[in-house]
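# Topology and contacts: notes
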Amino acid sequence: MHKNFQIVKGSSIYLYLIMLLVLSTCKESGNIGAGFLNESNVVVDTVYFSIPPSSIVTADPYLGRLENSPFGSFDDPLFGTIEGKAFFKPSISNNSLDSLPENYELNLRLFTDKDNLHGQKTHSGSYKIYRVGEFWRSASFQMSNDLEILDQSSGSVNANEVGSFRFDDIDTTFIDINLSGNWKSDFIQFFNNSEDRDSIYKYEDFGLAVVPEDNVENLIYGRFSASKLLLIKPAQDSTDADTTINSISDWAFDVEVSESNVPEENITLNNLYTSFLNLDLTNSAINLKNKNFVKAELLLTSDSITVSERLN
């Protein structure tokens, strides 16, 4: 399944672009020195051309192990309904802990960029963490991938729900989320299998997903490269508590957008390359009278009027 994504923080671009060519004609001199550039005659010219439909190309980008992973939901009046889900898998290897008792707490310390979000900054929505139901790898994870998330409840208890948090719970840079349920029991069992721990965990546990609830009105950016899984020993007294830290071994994200309101005569570019321009400027270059150009600039004009009208 291939999903059409528009940039979370994008801008609508006019179909007509302006290419600025800086043309240079130089007087030939027998001496090479400081006076060479001073004698140059630089001319600036502008060439207008339209973009044929074939220049707008789509791609299926890789979304694994990027610096920021968006998760949440927001109804953008211009770019449509945007929903992001993040996937991650904690590491199970740890040389400092021989075994993991069942009474240990497992907490996800999730680092986020709370000041950098898209949507309602004052709105507090809730998020759930569920188990993923199929194998995936960040190195090959693309936007067209559609992972199964085990978020179906049985009666009043959801066996696949691992944790939850609210936007207000996030501190300046991170939030600690208690992980429980059947995932915790399985993780402890995998951890205590010292013979085949890594291989069994790799192919029998498929990680976790951060999923927004219906009341979410923003997109948060998580940094799983800095996040940790905390294995916390319960304190018998004030001096007995101890914490072991595991890294996050794999992560990716998925973003879907629907009901876009961008005018048909405009195009939308984004930094995930789901839509980008592939321009062939050969004919424009051939028709130039002066071929000694030393610099070319492509000027993209933002449709600020449409953005202003849709957002106000």
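Rules used in this analysis
Residues numbered from 1 in each chain as written. Predicted model: local features only at pLDDT ≥ 70, side-chain atom pairs only at ≥ 80, totals over all residues. Heavy atoms only, no water. Helix = DSSP H or I, 4+ residues; strand = E, 2+ residues; numbered from the N terminus. Buried < 20%, exposed > 50% of the residue type's maximum accessible area, 1.4 Å probe, protein only. Contact = heavy atoms within 4.5 Å. Areas by Shrake-Rupley, 256 points an atom, 1.4 Å probe, with all protein chains shown as cover. Polar contact = N/O pair within 3.5 Å; in protein donor to acceptor, adjacent residues only side chain to side chain. Phe/Tyr/Trp six-rings, centres within 6.5 Å; stacked < 30°, edge-to-face > 60°. Lys NZ or Arg CZ within 6 Å of the ring centre and 35° of its normal. Core = buried A, V, L, I, M, F, W, Y, C linked by side-chain atoms within 4.5 Å. Salt bridge = Lys/Arg side-chain N within 4 Å of Asp/Glu carboxyl O. Axes fitted to C-alpha atoms, helices over the stretch in contact; angles between N-to-C directions. Parallel < 35°, antiparallel > 145°, perpendicular 65-115°, else oblique. Nonpolar A, V, L, I, M, F, W, Y, C, P; charged D, E, K, R; others polar.

### With respect to the overall build of the protein
Across its full length, the protein holds five helices and 18 strands. When burial is assessed residue by residue, the protein has 41% of its 312 residues classed as buried. Long-range pairs, those at least 24 residues apart, make up 82% of the contacts in the protein between residues at least 6 apart in sequence. For the protein, the accessible area works out to roughly 17,200 Å², and carbon and sulfur atoms hold 46% of it.

### Digging into the side chain of Asn-218
Following the sequence through the fold, Asn-218 ends up in strand β14 (residues 218-233). By relative accessible area, which is 0% here, Asn-218 ends up buried. Among the polar contacts made by the side chain of Asn-218, one reaches the main-chain carbonyl oxygen of Gln-120 at a distance of 3.1 Å. Among the polar contacts listed, one links the side chain of Asn-218 to the side chain of Tyr-127, at a separation of 2.9 Å. Asn-218 has contacts with Phe-71, Gly-72, Ser-73, Phe-74, Leu-117, His-118, Gly-119, Gln-120, His-123, Tyr-127 and Phe-167, leaving out every residue within four places of it along the chain.

### What to know about the packing of aromatic side chains
Taken as a whole, this structure holds 13 aromatic pairs when the rule is applied. Centroid distance Phe-87 to Trp-136: 6.3 Å. Interplanar angle 55°. Geometry classified as tilted. You can see Phe-87 sitting in strand β6 (residues 80-90) and its partner Trp-136 sitting in the loop between β9 (126-132) and β10 (149-150), a full 49 residues away along the chain. For the pair Phe-87 and Trp-136, one class covers both residues: buried. Ring-pair connections join several aromatic residues into one group, and the members of that group are Trp-183, Phe-187, Phe-190, Phe-191 and Tyr-201. Over the face of the ring belonging to Phe-191 we find Arg-197, whose NZ or CZ atom lies 4.3 Å from the ring centre.

### Digging into the nonpolar core
Soluble globular proteins tend to bury their nonpolar side chains together. With 35 residues, the main nonpolar core has Phe-88, Leu-100, Ile-129, Leu-179, Phe-187 and Leu-231 as its most contacted residues. A per-element tally of this core places helix α2 (residues 181-191) first, with five residues. Phe-88 has contacts with Leu-108, Ile-129, Trp-136, Gly-207, Leu-208, Val-210, Phe-224, Ile-248, Asp-250 and Trp-251, leaving out every residue within four places of it along the chain. Among the nonpolar cores identified, the runner-up in size contains 18 residues, and Ile-82, Val-132, Met-143 and Val-255 belong to it.

### Describing the environment of Thr-306
Among the structural elements, Thr-306 can be located in helix α5 (residues 304-311). Note: C-alpha distance between Thr-306 and Val-262 (44 residues apart in sequence) is 8.3 Å. Beyond its immediate sequence surroundings of up to four residues, Thr-306 is in contact with Leu-78, Pro-263 and Asn-266. At 2.6 Å, the side chain of Thr-306 forms a polar contact with the side chain of Asp-303.

### Let's talk about the pattern of salt bridges
In this structure the tally under the stated criterion is five salt bridges. A salt bridge links Asp-176 to Arg-109, with the nearest nitrogen and oxygen atoms 2.8 Å apart. Of this pair, Asp-176 sits in strand β12 (residues 174-179) while Arg-109 is found in strand β7 (residues 105-112), placing the two residues 67 residues apart along the sequence. Classification of Asp-176 by relative accessible area gives partly exposed; the value is 36%. Arg-109 gets classed as partly exposed once you look at its relative accessible area, which sits at 27%. For Asp-205, the salt bridge is made with Arg-131, and the minimal N-O distance between the two is 3.2 Å. Taken together, the residues span a long stretch of sequence, with Asp-205 in the loop between α3 (197-204) and β13 (208-212) and Arg-131 in strand β9 at a distance of 74 residues. For Asp-205, a relative accessible area of 1% corresponds to the buried category.

### Overview of the packing of α2 against α3
Viewed as axis vectors pointing N to C, α2 and α3 meet at an angle of 150°, and their least axial separation amounts to 9 Å. In terms of their interaxial angle, α2 and α3 are classed as roughly antiparallel. For the pair α2 and α3, the contacting residues are Phe-187, Phe-190 and Phe-191 in the first and Arg-197, Ile-200, Tyr-201 and Glu-204 in the second. Looking at the contact of α2 with α3, its residues break down into five nonpolar, no polar and two charged.

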